[in-house]
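Single-letter residue listing:
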Amino acid sequence: MIQCFMKADYTSHFVNGTLPRLFSASKIDSSYSIYPRILHKHEDMLEVLLVRSGSGVYIVDEKRYPIQKGDIIICNCNVLHDEDPTQSKNLNTYCCTLTDVQIRGLDKNCLIHKTAYPIVYSNELFEPLENLMGMIYFLLASDIEKMEETCSYLAVSLLAMLLQIIHRTEMEDLPKKKSTAELLGISIKQYIDTHYDEPLTLQSISEVMHINPYYLAHIFKDTIGYSPMRYIMRRRIGEAQSLLITTRYSVTQIANIVGYDNPNHFNILFTKYVGMPPSKYRNSYIKKK
């Protein structure tokens, strides 16, 4: 018996037929054999993650979302995101970053509307998605030459599949009425995000916000999940990772850019939280990409 399936006509999701380009692909294991990206955002890229197994908590902007096998995490450009390492239980993911994504009705390098829930479940498409992202990663990581174009076309297929899932399940991330304390915590976060590269202290932030430093620390931790100083550190290290990947600035220059006057202190912190020194991270990432 022969089964034949006819292709139906369709309208492209992509504006003017312009196709996205794959920037990188990663396979992130619970053992962090591929080194973790700490709190960061992409100014000109979309990032998509698929949870292969395990569970954890992912932070998108100031909100925390539980994640598990089969979940897809969508991080539009210019959206801060991070994994809470203390909540991860054997969490294994695939990750792809893409640029030149222009989908009808959405801002550039965005896959969902700003008010949409950033976690969607893959349902019956989990296995095809896992295989597709695994193939992209395998081809980029292999020694096979000139696979970049092939991988970019595979990434376009990935986005098309994700759009099908999103259109079936997309729901608005309805804002709950925030308490005065939550609004204050978000205001503190916004201030830190603007000034993280400056010599901030708990005292200096509290003076700007006109509140007691101990109360500030309590409110921020309850709202964001990190202490203010730990959040600043993660924000700086995450930005340093982005600069190491996307620029040719020296490690000393990057340390200064993200707010560390002492390059040795920066190296120690980076190594502690990422698992290797900045220069080695840059070389490893470039090799993997």
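Use the structure listed above.
In this text the structure is predicted, and so the values were computed from the model without any measurement.

Novice: I would appreciate a short explanation of the overall build of the protein in the present structure.
Specialist: Helix and strand counts for the protein come out as nine helices and seven strands. Since a compact globule built from 289 residues should have a radius of gyration of about 19 Å, the 20 Å found for the protein is in line with a globular shape. Expressed along its principal axes, the backbone C-alpha trace of the protein runs to roughly 75 × 45 × 40 Å. Put simply, of all contacts in the protein between residues at least 6 apart along the chain, 73% involve residues at least 24 apart. Carbon and sulfur atoms make up 52% of the accessible area of the protein, which totals about 15600 Å².

Novice: How should the pattern of salt bridges be read in this particular structure?
Specialist: Opposite charge on two side chains allows them to pair when their charged atoms are near. Evaluation of the coordinates by the stated rule reveals nine salt bridges. Across the pair D107 and K114 runs a salt bridge whose closest N-O atoms are separated by 3.8 Å. Notably, a salt bridge pairs K189 with D193, separated by 2.8 Å at the nearest N-O pair. One end of the pair, K189, and the other, D193, are both in helix 3 (residues 180-195), four residues apart, so they sit about a helical turn from each other. Its relative accessible area of 6% is what places K189 among the buried residues. Among the charged side chains, a network of salt bridges with common partners joins K189, D193, R235 and E239.

Novice: Before we go on, may I ask you to explain the nonpolar core in this structure?
Specialist: Nonpolar side chains tend toward joint burial in soluble globular proteins. Counting 37 residues, the largest nonpolar core has I72, L111 and I136 as its most contacted members. Elements with a contribution of two residues or more to this core: strand 1 (21-28), strand 2 (46-60), strand 4 (71-75), strand 6 (89-99), helix 1 (126-141) and helix 2 (148-169). When residues of this core are assigned to their parent elements, the largest contribution, 10 residues, is made by helix 2. Filtering out sequence-adjacent residues up to four positions away, I72 remains in contact with V48, L49, L50, P118, I119, V120, S122, L129, L162 and I165. By size, the runner-up hydrophobic cluster in this structure holds 36 residues, among which are L200, Y226, I237 and Y260.

Novice: Looking at this model, I keep getting lost on the state of the cysteines. Mind explaining?
Specialist: Structurally, a disulfide amounts to a covalent bond that connects the sulfur atoms of two cysteines. By the definition in use, this model includes zero disulfides. Not engaged in a disulfide, the cysteine C95 finds its nearest cysteine sulfur in C96; these two sulfurs lie 6.6 Å apart. Assessed through its relative accessible area of 8%, C95 is described here as buried. In this model C151 remains outside any disulfide bridge; the closest cysteine sulfur is found in C96, 8.9 Å from its own.

Novice: Would you take a moment to explain the packing of aromatic side chains for this structure?
Specialist: This structure, assessed with the given rule, holds five aromatic pairs. Each ring, one from F266 and one from F270, has its centre 5.8 Å from the other, and the planes form 55°; the classification is tilted. Residue F266 and its partner F270 are located together in helix 8 (residues 263-274), separated by four residues, close to a single helical turn. With respect to burial, F266 and F270 carry one shared label: buried. What links up through ring pairs into an aromatic cluster is the set Y260, F266, F270 and Y281. The ring of Y94 is capped by R52, whose NZ or CZ atom sits 4.9 Å from the centre of that ring. For the cation-ring pair, R236 lies above Y260, with the distance from its terminal atom to the ring centre recorded as 4.9 Å.

So, how was this worked out
- Residue numbering note: each chain is counted from 1, following its sequence as written.
- Note on the predicted model: pLDDT of at least 70 is required for a residue's local features to be given, and 80 or more for side-chain atom pairs to be given and counted; whole-chain, interface and lining totals, by contrast, use all residues.
- Excluded from the side-chain calculation are hydrogens and water; included are all heavy atoms of the structure.
- Helix and strand assignments follow DSSP, with helices taken as H or I runs no shorter than four residues and strands as E runs no shorter than two, numbered in order from the N terminus.
- This radius of gyration counts C-alpha atoms alone. The globule rule is 2.2 Å times how many residues there are, raised to the power 0.38.
- By the convention used here, residues are in contact when the closest approach between their heavy atoms is within 4.5 Å.
- Exposure was quantified through the Shrake-Rupley algorithm and a 1.4 Å probe, taking into account, for residues, occlusion by the shown protein chains and nothing else.
- Counted as salt bridges are all cases of a side-chain nitrogen of Lys or Arg within 4 Å of a carboxyl oxygen of Asp or Glu.
- Accessible area is worked out with a 1.4 Å probe on protein chains only. A residue is then buried under 20% of its type maximum, exposed over 50%, and partly exposed in between.
- Only buried residues count toward a nonpolar core, which is a set of Ala, Val, Leu, Ile, Met, Phe, Trp, Tyr and Cys residues joined through side-chain atoms within 4.5 Å.
- Only a pair of cysteine sulfur atoms within 2.5 Å qualifies as a disulfide here.
- Classification of ring pairs rests on two measures: the distance between centres of Phe, Tyr or Trp rings, Trp counted by its six-membered ring, which must be within 6.5 Å, and the angle between planes, read as stacked under 30 degrees, edge-to-face over 60 and tilted in between.
- Cation placement over rings: the criterion is NZ of Lys or CZ of Arg within 6 Å of the ring centroid and within 35° of the ring normal.

Take it as geometry only, folks, not as evidence of what the structure does.
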